[in-house]
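Close look at the chain arrangement
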Amino acid sequence: MCGIAGEINFKHEINEQVLREMARCLTPRGPDAEGFFSDRNAGFAHRRLIVIDPENGKQPMFHENLTLIYNGELYNTDELRGDLIKKGYKFAGHSDTEVVLKCFAEYGEKCVEMFNGIFAFAVWDSRLKKLFLARDRIGVKPLFYAMTDGGIVFASEIKALLKHPEIKPVLTREGAAQIMLVGPARTVGDGVFRDIKDIPAAHCASFDEKGLRISEYWRLTAIPHNEDFETSAAHVRELIFDAVKRQLVSDVGICTFLSGGLDSSVISAIAAKEFEKRGEKLHTFSVDYVDNRKNFRASAFQPDEDAPYIVKMAEFIGSEHINVELDTPQLADALIDSTYARDLPGMADVDSSLFLFSKEIKKHFSVAVSGECADEIFGGYPWYHRPEVMYYNGFPWAVSVPERGALMRDPMSPDEAEGFVRDIYEKCLSDVSYLDGEDASQRRSREMFILNLKYFMATLLDRKDRMSMAHGLEVRVPFCDYRLVEYAYNIPQKFRDYNDREKGIVRYAMEGVLPKDVLWRKKSPYPKTHNPNYLRLLSDRLKGLLDSDNCRLTEIVNADRLREMLDTDGATFTKNWYGQLMTVPQIFAYFLQIDSWLKRYDVIVE
């Protein structure tokens, strides 16, 4: 993967020094090489992580009047290259970058509809004086932008945009409400700062002297599902196997994440078989915490430990396994670095654990494969199976909106707070496609699918990209293959819940691939520290912050309400902040992240 940045301006010349400053911010995303391009109206910067075709994949890449910078991987490169060769195109190497550029030359903006992959890219047409931007269907790779006097600036990360002198880190009241009521999610297309936006997933944009035009090139559409359960399960199996195999192509070594849960175990088992065919051994990685076995207490959400299942799977597939063990002080210390990596307050130690984990993996590999997306598209989370949450009139993983609103510096009433979030929620629901005659359950199933895809999963994908790319580690996500997502959208809910189990159809489809106890194991939140000292550590740090002379947290958070919460060890906040993993310790961690973010970015709070 890589980092991209650029500016188009029709009133002022491009400042090459600003471009270089933007690129410097993106060095962790692309530690291996850099490249620049500029003419009178356009400037591009590229930082490269070399995975495919080291010599012939250099960027920016040029073809006739076109200049490309690209961050991503295509998984149908060979098919597209073959079609282009038939049309007379010549290729200098085997990089997917060259395929993207020549697809654009041949098919124009429609090329994105042909791509199976994860990407964000920019093409400058020097003849038409026109910029084209695009982002992959699921939004795995990021692309932010801001409008300037006479132009547009874009980059893979917010921190790079803020190197431009016209772009300021301004947080309005609405932005603060996003942090407190929606965060760590972001409204689709919004960068939280006043002037910063992102190109939404499955969208592209063009910019010329007439201005910016953004359009959607793909969306999920309801179609009748005419296959029986057995055929559907076979179809799911075929799509998963194909997606994983396509994503094992690389000119450098690849490993997999292995948590002992269903999704990572499926990916690792398929990958191990493919490696065996090549005469190679797969490396797998897991993360755990010091004293987790001693501190573990079974619950309805997590009935058993992960570690024994990780060991069992590693032995079953014959992988070379490495377990990374973290301690809770490390986790707390990394909250600050993970905030900078994300450019926003994030998922607290859920972020910092991945930040530290990725750092360790990068010592061995530059590419990993992970299991994100399976829970969102196949109904793996508790809110798919608890009616009181599933039918909540809002985002089901964040039912704590009134409690959040009460913690704002100027507390919001429950009605005001829920009204703010509901506007965002209902706008998301306006994108849902239904079939005529579907009952309320199936309609809600489709709504949950879209809500999860555009918000909960988008937050996890932000986490995955920023925490891994902060160390130059590319992480691929086969369950985000758009063909699998399209198919899953139209599977009846009763198929997904086969045998009254979350992701039941995936479990059935993978019979024979995994040991039965792993295959039918209840979903477990991962990774999570069970150390009781973690809450005290974070509570003490937060109290010390509130008592300090340089606390900025209180520009957003009500100090008195927060002290009440701290004095009761969180008893005044009765619900999770976000999903299953952000409970009281993570709420305190989130506030520490907000304070560090306000300081590091010198945020202007309006």
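What comes next concerns the included structure. Predicted model only: the values in this text are computed from it and were never measured.

**Describing the packing of aromatic side chains**
Scanning all chains against the criterion turns up 36 aromatic pairs. Pairing Phe193 with Tyr601 gives two aromatic rings, centres 6.5 Å apart and planes at 40°, and the pair type is tilted. On the criterion of sequence distance, the pair formed by Phe193 in the loop between α5 (173-182) and β11 (197-198) and Tyr601 in the loop between α23 (584-600) and β19 (604-605) is long-range, its members being 408 residues apart. The exposure class of Phe193 is buried, given its relative accessible area of 1%. Just above the ring of Phe91 sits the side chain of Arg81; from NZ or CZ to the centre is 5.8 Å. When the ring centre of Tyr489 is taken as origin, the NZ or CZ atom of Arg446, which lies over that ring, is 4.8 Å away.

**Structural notes on the packing of helix α10 (residues 328-342) against helix α21 (residues 533-547)**
Two elements in contact, α10 and α21, have axes separated by 10 Å at closest approach and are oriented at 35°. The two elements α10 and α21 cross, and the hand of that crossing is right-handed. On the side of α10, the interface is formed by Thr328, Pro329, Leu331, Ala332, Asp333 and Leu335, while α21 contributes Tyr534, Leu537, Leu538 and Arg541. Split by residue class, the contact of α10 with α21 holds seven nonpolar, one polar and two charged.

**Points about the pattern of salt bridges**
Opposite charge on two side chains permits them to pair, given that their charged atoms come into close proximity. Following the criterion strictly, the structure yields 56 salt bridges and no others. A salt bridge links Glu274 to Lys245, with the shortest nitrogen-to-oxygen separation between them at 3.8 Å. With Glu274 in helix α7 (residues 262-277) and Lys245 in helix α6 (residues 229-246), this residue pair connects regions lying 29 residues apart in the sequence. According to the relative accessible area criterion, Lys245 is partly exposed, its value standing at 36%. The network of salt bridges with common partners includes Arg29, Arg135, Lys141, Glu157, Lys159, Arg186, Asp198, Asp343, Asp462, Asp465 and Arg466.

Procedures and definitions
Residues numbered from 1 in each chain as written. Predicted model: local features only at pLDDT ≥ 70, side-chain atom pairs only at ≥ 80, totals over all residues. Heavy atoms only, no water. Phe/Tyr/Trp six-rings, centres within 6.5 Å; stacked < 30°, edge-to-face > 60°. Helix = DSSP H or I, 4+ residues; strand = E, 2+ residues; numbered from the N terminus. Buried < 20%, exposed > 50% of the residue type's maximum accessible area, 1.4 Å probe, protein only. Lys NZ or Arg CZ within 6 Å of the ring centre and 35° of its normal. Axes fitted to C-alpha atoms, helices over the stretch in contact; angles between N-to-C directions. Left-handed = near helix turned anticlockwise from the far one by under 90°. Contact = heavy atoms within 4.5 Å. Nonpolar A, V, L, I, M, F, W, Y, C, P; charged D, E, K, R; others polar. Salt bridge = Lys/Arg side-chain N within 4 Å of Asp/Glu carboxyl O.

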